[in-house]
Amino acid sequence: MRGKKTSAISAIALTVLLAGCGTQTATTSTPSASPAASSATNAQTAAPAPKKVTITAQGFKPDQKEKNDQLDQRIARFKAKNPNVEFKKDDWQYNPLEIGIKMASNSAPTEYTTYATEGKVLVDKKWVADITDSMNAWEHAKDMNDLLSKPFVVNGKTYGVPIDGYVMTITLNKKLFRDKGVELPPMDWTWDDLLEAARKINDPAKGIAGFIPMGKGPEAGWNWTNFLYAAGGDVQKLDGGKVVGIFNSDAGLKALEFYKKLKDENLIPQNWALGYGDALSAFSQGRGAMVMCGSGNAADTAINEGGIPKEDMVVYPMPALTKGGKHTGVLGGNYRVINPKSDKDQQAVAFKWITDEYFTDDFLNSTKKEIEDRKTKNRVYIPQPINYWKDSSDFGKKYTDLLAKYDNVFKYDPQLLSLWDGKPEAQYEAQKYYTEMANVIQKVFTTKDVDLKKALTDASNKVQTEVFDKVKVE
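- Under an unreviewed UniProt entry, the name given to the chain is Extracellular solute-binding protein, and the organism recorded is Paenibacillus planticolens.

Right under this line is the structure:
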């Protein structure tokens, strides 16, 4: 699923000062050069005019006026600094079922935005340019977030620039733990630690669940996939140009068994058929000790809508299957890539265009304004836990220093960022896969003696024949 909240990189206006050497001064009695000699000298010393380059930037549909206006303003700013560059716009939006046709017809934009899921297949199909050299020459290359960059770094080469992203997390209500006299689990926790904490906090008589999973709609399958990943499993693979489902595995069975324990021990809400907003709302009302979601959205809802003090919220990585294992969660996000069929000059300009307004003060200024606006409304600013920059970079330190100046900013435990591990969502038809897995989860939550292996096998067969087999990988 796409992230529910993204960080916007605001526009910035830069003034370019162009200095000319047009003054004339008196010298010694050296004779003046003839017009012909003067012209020859100027021809030898004048810098060649920059080569004209035209690129096609990904735009927006005509009805998205505000976004198109912002794009036009950004193009104007870029052209003021790079007058040799001309722009065309293309409102095509990335679709994994259309990209092959766009590449075959050479009609894809020079640069376009795609998802974290797409890195490997786009590289394998040679539908994205290798931007390793441009990235290495960029002054901010060392400042980019390695985890967020991961989906578009293949075999040591870079093929995309991250815009924003999320890794799935679990948010805990510390007050419910404190009320029960229960210690928080270690942040380097396991599935068993989660179960034990849920058992201790669970209080059905008071309407308090130990853990709130999403049980309705595709978000139910999205949630469950985190446990599939943590158990070492995956959703699908490409085999000879065909999409093959591989979630009917030992890892998938372990993830279903974990969900069955949650239900059998009555650790989830009695009304478990909760969508994304339902689950976050229940958590914000104190009706559950733990909830799973991307970014800091659960904390945001609990603090700013539920009135829970920010000090009572803590965000954990996904639990590892066993102690010392990876805390793998679904990684989602947006990335900008370059069309490999464009020429070298276009690719160089496209990279410059993509990264032109990264690491600027404008983002810091807009963040400052939002924090201060929220403070006047007695609301808390919830920063993204993961950004395109490293927290240790100079820009990251400026951002951290800015947040530290305000008392209405939510803070993440530093261990979170050192522990979590992101794995991209399925590349093809993820929503249909999520929807079918939601049906399986609902069977687990409603059928006492459900045959987990059969339920998983039936779902796998259905998704394969009705969904994956119909995907045409160009």
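## Observations concerning the pattern of salt bridges
Stage number 1. Going through the model one piece at a time under the given rule, you end up with 30 salt bridges.
Stage number 2. The residue E111 makes a salt bridge to R336 at a minimum N-O spacing of 3.2 Å. Residue E111 is found in strand β3 (residues 111–115), and its partner R336 is found in strand β12 (residues 327–338); the two are separated by 225 residues along the sequence.
Stage number 3. A relative accessible area of 13% means that R336 is categorised as buried.

## Focus: the sheet that holds strand β7 (residues 169–173)
Stage number 1. One open sheet holds the three strands; their spatial order is β10-β7-β11, and the pairing between them is antiparallel. At either margin of the open sheet sits one strand with a lone partner, and together these are β10 (290–293) and β11 (313–317). Direction aside, neighbouring strands of the sheet carry axes that sit 30 degrees apart on average.
Stage number 2. As paired strands, β7 and β10 are joined by four bridges and run antiparallel to one another. Each bridged residue has a counterpart across the sheet, and for L172 the counterpart in β10 is M290.

## Structural notes on helix α14 (residues 361–376)
Stage number 1. An ideal rise of 1.5 Å per residue puts 22 Å on 16 residues; α14 measures up with 23 Å between its terminal C-alpha atoms.
Stage number 2. Among all positions in α14, only D362, F363, L364, T367, I371 and R374 are buried.
Stage number 3. Looking at the buried side of α14, the elements it contacts are α12 (297–305) and α15 (394–404).
Stage number 4. Looking one or two residues beyond α14, the residue adopting positive phi is N378, at roughly 60 degrees.

## Some thoughts on the environment of D264
Stage number 1. Inspection of the secondary structure assignment puts D264 in helix α10 (residues 250–264).
Stage number 2. Taking the C-alpha atoms as reference points, D264 and K448, separated by 184 residues in sequence, lie 7.9 Å from one another.

## Observations regarding the packing of aromatic side chains
Stage number 1. Using the criterion set out here, one finds 32 aromatic pairs in the structure.
Stage number 2. For the pair W389 and Y399, a centre-to-centre distance of 5.0 Å together with 70 degrees between the ring planes defines the contact as edge-to-face. In this pair, W389 is assigned in the loop between α14 and α15 and Y399 in helix α15, connecting sequence segments 10 residues apart.
Stage number 3. Residue classification places W389 among the buried positions, given a relative accessible area of 1%.
Stage number 4. Taken together through their ring pairs, the aromatic side chains of W138, F351, Y358, F359, F363, Y388, W389, F395 and Y399 make up a single cluster.
Stage number 5. Positioned above the aromatic ring of W353, the side-chain terminus of R74 is 3.8 Å from the ring centre.
Stage number 6. In this structure, K423 packs its charged tip against the face of Y229, placed 5.3 Å from the ring centre.

## Observations regarding helix α11 (residues 276–284)
Stage number 1. Buried within α11 are the following residues: Y276, A279, L280, A282, F283 and S284.
Stage number 2. Where the residues of α11 are buried, they touch β7, α9 (218–230), β10, α12 and β11.
Stage number 3. Immediately downstream of α11, the backbone of G286 shows phi near 75 degrees, a positive value.

## Description of the nonpolar core
Stage number 1. The biggest cluster of nonpolar side chains holds 145 residues, and the ones touching the most others in it are W224, Y259 and M290.
Stage number 2. With nine residues, the top contributor of residues to this core is helix α17 (residues 430–446).
Stage number 3. Ignoring any residue separated from it by four or fewer positions in sequence, one finds M290 in contact with I170, T171, L172, W189, L194, A197, A198, G210, F211, I212 and F283.

## Observations concerning the pairing of strand β6 (residues 161–167)
Every other side chain in a regular strand lies on the same face of the sheet, so the side chains alternate between the two faces.
Stage number 1. Across the seven residues that make up β6, a large majority, seven, are buried.
Stage number 2. Two elements, β6 and β12, share six bridges in a ladder whose sense is antiparallel. When the bridges of β12 are listed, P162 appears paired with Y335.

About the thresholds
Residues numbered from 1 in each chain as written. Predicted model: local features only at pLDDT ≥ 70, side-chain atom pairs only at ≥ 80, totals over all residues. Heavy atoms only, no water. Salt bridge = Lys/Arg side-chain N within 4 Å of Asp/Glu carboxyl O. Helix = DSSP H or I, 4+ residues; strand = E, 2+ residues; numbered from the N terminus. Buried < 20%, exposed > 50% of the residue type's maximum accessible area, 1.4 Å probe, protein only. Pairing = 2+ DSSP bridges. Axes fitted to C-alpha atoms, helices over the stretch in contact; angles between N-to-C directions. Expected span 1.5 Å × (residues − 1). Contact = heavy atoms within 4.5 Å. Phe/Tyr/Trp six-rings, centres within 6.5 Å; stacked < 30°, edge-to-face > 60°. Lys NZ or Arg CZ within 6 Å of the ring centre and 35° of its normal. Core = buried A, V, L, I, M, F, W, Y, C linked by side-chain atoms within 4.5 Å.

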